[in-house]
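Here is how the chains run, residue by residue.
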2 protein chains.
Amino acid sequence: MSKASTKPPSGMRDFLPAELARRAHVIDVVRRVYGSYGFVPIETPTIENLSTLLGKYGDEGDQLLYRLLHRRDNLTRALAIEGVGEADLADQGLRYDLTVPLARVVANYDLPKYFKRYQIQPVWRADRPGRGRFREFYQCDVDITGTTSAIAEAEVCAAVAEVLHQLGFAEFEIRLNHREVLRAMIRASAIDAALEGSALVAIDKLDKIGPEGVRGELAERGIAPESAERLLAFVAADPDAEPLPALADLRGRLADERGQAALDELSALIELCAGTPAAAHLRFAPDLARGLSYYTGAIFEIAVPDLASSLGGGGRYDDLVGMFGKKKVPAVGFSLGLERILVVMEERGMFPPLALGPELLLCWLDAAPAAVLAVAAKLRAQGVRVEVFPEKAKLGKQLGYADTPGVKAPYAGILGREEIDAAMITLKNLASGAQVRVPVAEAGALIATWREG
Amino acid sequence: MSKASTKPPSGMRDFLPAELARRAHVIDVVRRVYGSYGFVPIETPTIENLSTLLGKYGDEGDQLLYRLLHRRDNLTRALAIEGVGEADLADQGLRYDLTVPLARVVANYDLPKYFKRYQIQPVWRADRPGRGRFREFYQCDVDITGTTSAIAEAEVCAAVAEVLHQLGFAEFEIRLNHREVLRAMIRASAIDAALEGSALVAIDKLDKIGPEGVRGELAERGIAPESAERLLAFVAADPDAEPLPALADLRGRLADERGQAALDELSALIELCAGTPAAAHLRFAPDLARGLSYYTGAIFEIAVPDLASSLGGGGRYDDLVGMFGKKKVPAVGFSLGLERILVVMEERGMFPPLALGPELLLCWLDAAPAAVLAVAAKLRAQGVRVEVFPEKAKLGKQLGYADTPGVKAPYAGILGREEIDAAMITLKNLASGAQVRVPVAEAGALIATWREG
């Protein structure tokens, strides 16, 4: 038998401490901000029944589902079926997103009428792994169910803007559009309703491939040149335009009642947000479609300068959350791309110093180990993160260990019999070289001054 | 097609906000305490190769593994195999514990020599679900690899004791034994080495079924009555005895050199812990075996009064972590039973008040919604967790919503046009009935005094 690989499976990742500290930092900010908006967390199981999952993500999604093989008698029975296939061999699979579980939870429990929930958990997709694309990755969703009020749109946009502020993003935009604006532009361009989805896929690429590229795509998709030009004229927008004038401009050019009503909704939303953290970041983006057919109203997407892909998006989707229940449940939400936020913050050096591992390595010479551990307990009670060098060794070796990758303790404590007898400790600031002997009871306070300065 | 069930699959759980807040509280304490001991977190993927998992948990474990069904061509190829079976249909499965992934990680990366890691993640076992037994549950492991020093044992015991203290447990015991003490007692009882494992399973039940029950079990397992009596005499211990005298007593009665050396190790460990949070909790438990064959030295288990099952356990296991690598990696660790800790803390009312959901519901009458959202932003910036009532409604309905299960906001803010014009807010303490109108800029400070009592 060949030795098993020690790497994680393809598309999967081990998170070592430094990376995990960065992930925890982002997740903590998200939790704190969403909590301050009155959102509450839920978690749902990794494993769901396939009857819950299948048919919710389109054919492609169904094919990307991880299915759990039947066991024992169930497996034996399945394998006895003439022409046994995938559907016979599994009836459970792994969570594919956080929206279908939300819909299941809303149908199953007696929740508040306006359920403001966030959920930060991994999902699994058996996709082809690639650079920055994983088969296990976190989603980070925030949604308000139970109301069609635009206050819900404003609250999710404000909460997301506050998250990005607190993570250190300053220049981002929340690009806004509306499903009914898109539809109205299609109608006003005399494009057949059957080609709506196809046309929107092309339009959505405007910021990546430019008008010339979109023109070509629209032609390929069977849209007449005249219609294509009209549609391109509608979606051509000055990216730096203030949103209210941009909306008013399109309203004047788009003689379609439902489209005008949707533009009015977006104007109202922008006015609603005026006093919130979202205000400075809202932009009208008539080309934004996000390719998702389930949006029924406003559509959002976060854009950051010099980044082709988005940090997240969302919108109103009034027909989805009720799918497992008896009644319609309106909903609006935002999904942050946690993995992408992490990559951008890493590349741009946006992480603050993160507490990780010991800040003090406790080294010991001729002191009794029990006395060393007693000092460690006292230092920890003073709020210092302490690792005790576990073996008898020369001081140089112990101090050298403090500088090892993965340890990197900034301070050392040195204990000999003399220190122990006097209830003292020699503290060494390994960066500055400063060395002081202080009473153990005062060590935490000294470390605190080093830590701060 | 019948409507899909909205319940989670059997053995799986949805965690709604209140329960999740309790879980987060426990996990936060664990993280903070382990961090203060210099432990660092890792996370490993949900999905592992079956070549990593199989054969590590015994035959029973292999049968409880969740396997992921092959997809597309791989599935077609597998189904074409004559007499296709389980092994053909899957080569990946779900994480079964956190120890095998640790071993894989230690073999795969260049980590510090003394790797002090903790890991808090769910694991999956296709076990028969039952009361308090789930198919997806969290494990919470803390381990030190790379040293045989007893300081490592002392550090994990101290860290676990500190976690339990900070969670509010006062009366717990850390029961201690040693693999070589168990072996020596078996030898000294003239029990065949081949029956060692079987005899230990019986002995491990002493605190549950008593000496009479163990006597019966030992007889059933083919152990001669005389041997059974000798073994029972060795393990009979006064549960309240101080550990050092108890160890000395057994040392006098157990004339077996390796056994005596192991007893000396335990005495040294207890002395090492004297100045640590573990000190008051250590007890010698000669009947403790924990049924796990992989322990090579000290064995630990946490016992809490009036609780039959343990809150966690661990020990030294020097032969396991190196299994994927080229060299032996000594290790010692502790696994806390997170799910059981949660149940006990819940039953015994040990949770502090946990921040959850909005503390203030912002109600509004004839105020413009945009102005209401601007006030919400100001209150949040003052540290208040605010939910905005999203729809136009009578004040009584809005205030009633604050008391809804799942919302339970203790305070309400009321905004009319008058308040908005004056930059004031009417705050209502819903428990006391107190109602005050204050400038919005001072609302956070007033809420803070209400919050504190």
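It should be emphasised that the depicted structure is a prediction, and the values quoted were computed from it without experimental measurement.

Caption draft 1: Structural view of the nonpolar core. Membership of the largest hydrophobic core comes to 272 residues, with the highest contact counts inside it found for Leu362 of chain A together with Leu362 of chain B. Ignoring any residue separated from it by four or fewer positions in sequence, one finds Leu362 of chain A in contact with Val372, Val375, Ala376, Val386, Glu387, Val388, Phe389, Gly413 and Leu415 of chain A.

Caption draft 2: A look at helix 8 (residues 179–188) of chain A. Residues and elements named next belong to chain A. Extensive coverage of helix 8 is indicated by the burial of 7 of its 10 residues. By the burial criterion, the buried members of helix 8 are Arg179, Glu180, Val181, Leu182, Ala184, Met185 and Ile186. Residues of helix 8 that are buried in the fold lie against strand 7 (173–178), helix 9 (196–203), helix 11 (225–235), helix 13 (257–272) and strand 9 (298–303). Ala190 occupies a position one or two residues after helix 8 and carries a positive phi of about 60°.

Caption draft 3: Broad picture of unusual backbone geometry. All names here are of chain B. Phi is positive for Asp306, close to 60°, though the residue is something other than glycine. Turning to its location among the elements, Asp306 is positioned in the loop between strand 9 (298–303) and strand 10 (312–316). Classification of Asp306 by C-beta neighbours within 10 Å gives exposed; the count is 7. Positive phi, normally seen in glycine, also occurs at Ala423, with a value near 55°. You can see Ala423 is positioned in the loop between helix 17 (417–422) and strand 15 (424–429). Since 12 C-beta atoms lie within 10 Å of it, Ala423 is described here as exposed.

Caption draft 4: Representation of the domain arrangement of chain A within the structure. Each assigned domain of chain A is listed with its residue range as follows: domain 1 (17–347) and domain 2 (360–452). Its C-alpha centre places domain 1 of chain A at a distance of 51 Å from the equivalent point of domain 2 of chain A.

Caption draft 5: Looking closely at the environment of Asp192 of chain A. All names here are of chain A. Topologically, Asp192 is positioned in the loop between helix 8 and helix 9. By C-beta crowding, Asp192 is classed as partly exposed, having 14 other C-beta atoms within 10 Å. Spatially, the C-alpha atoms of Asp192 and Ile223 are 8.5 Å apart, while their sequence positions differ by 31 residues.

Caption draft 6: Highlighting the interface of chain B and chain A. Facing 85 residues of chain B, the contacting portion of chain A comprises 85 residues. In terms of residue count, the dominant contributor to the side of chain B that touches chain A is helix 15 (residues 369–381) of chain B (6 residues). For the side of chain B that touches chain A, the class distribution of residues is 49 nonpolar, 19 polar and 17 charged.

Caption draft 7: Main features of the pairing of strand 15 (residues 424–429) of chain A. All names here are of chain A. Here strand 14 (residues 411–415) runs beside strand 15; their pairing, made up of 4 bridges, is antiparallel. What sits directly across from Gly413, in strand 15, is Leu427. Two strands pair when backbone bridges link them, and strand 15 and strand 16 (residues 435–439) are joined in this way by 5 bridges, in the antiparallel orientation. The residue bridging Thr426 from the neighbouring strand is Arg437, located in strand 16.

Caption draft 8: View of the relation of the copies chain B and chain A. Each copy of the sequence occupies a distinct position, and chain B is placed on chain A by a rotation of 180° and an axial shift of 0.0 Å, giving an RMSD of 0.1 Å. A rotation of that kind, with that shift, is consistent with a two-fold axis. Both copies share a contact surface, since 100% of the interface residues of chain B are interface residues in chain A too.

Caption draft 9: Molecular detail of the sheet that holds strand 15 of chain B. All names here are of chain B. Reading across from one edge, 13-12-14-15-16 is the order of the 5 strands in this open sheet, with mixed pairing throughout. At either margin of the open sheet sits one strand with a lone partner, and together these are strand 13 (386–388) and strand 16 (435–439). For this sheet the average axis-to-axis angle between neighbouring strands, irrespective of direction, equals 30°.

Caption draft 10: The arrangement of the sheet that holds strand 9 of chain B in detail. Residue and element names in this part refer to chain B. Ordered in space as 1-5-6-11-10-9-7-8, the 8 strands form an open sheet in which the pairing is mixed. Two strands close off the open sheet at either side, each with one partner strand: strand 1 (40–41) and strand 8 (282–284). Two strands pair when backbone bridges link them, and strand 5 (residues 115–124) and strand 6 (residues 136–145) are joined in this way by 10 bridges, in the antiparallel orientation. Across the sheet, the residue bridging to Val123 is Phe137, located in strand 6.

Caption draft 11: Region of interest: helix 6 (residues 99–108) of chain B. Residue and element names in this part refer to chain B. Within helix 6, 9 of the 10 residues are buried, which leaves the element mostly enclosed by the surrounding structure. All buried positions along helix 6 are accounted for by Thr99, Val100, Pro101, Leu102, Ala103, Arg104, Val105, Val106 and Ala107. Buried positions along helix 6 lie against strand 2 (47–49), helix 2 (50–53), strand 5 and strand 6.

About the thresholds
- Residues numbered from 1 in each chain as written.
- Chains lettered and ligands numbered in written order.
- Predicted model: local features only at pLDDT ≥ 70, side-chain atom pairs only at ≥ 80, totals over all residues.
- Core = buried A, V, L, I, M, F, W, Y, C linked by C-beta atoms within 7 Å.
- Buried ≥ 20, exposed ≤ 12 C-beta atoms within 10 Å, placed from the backbone.
- Contact = placed C-beta atoms within 7 Å.
- Helix = DSSP H or I, 4+ residues; strand = E, 2+ residues; numbered from the N terminus.
- Domains from an automatic or database assignment.
- Nonpolar A, V, L, I, M, F, W, Y, C, P; charged D, E, K, R; others polar.
- Pairing = 2+ DSSP bridges.
- Least-squares fit on C-alpha atoms with pLDDT ≥ 70 in both.
- Axes fitted to C-alpha atoms, helices over the stretch in contact; angles between N-to-C directions.

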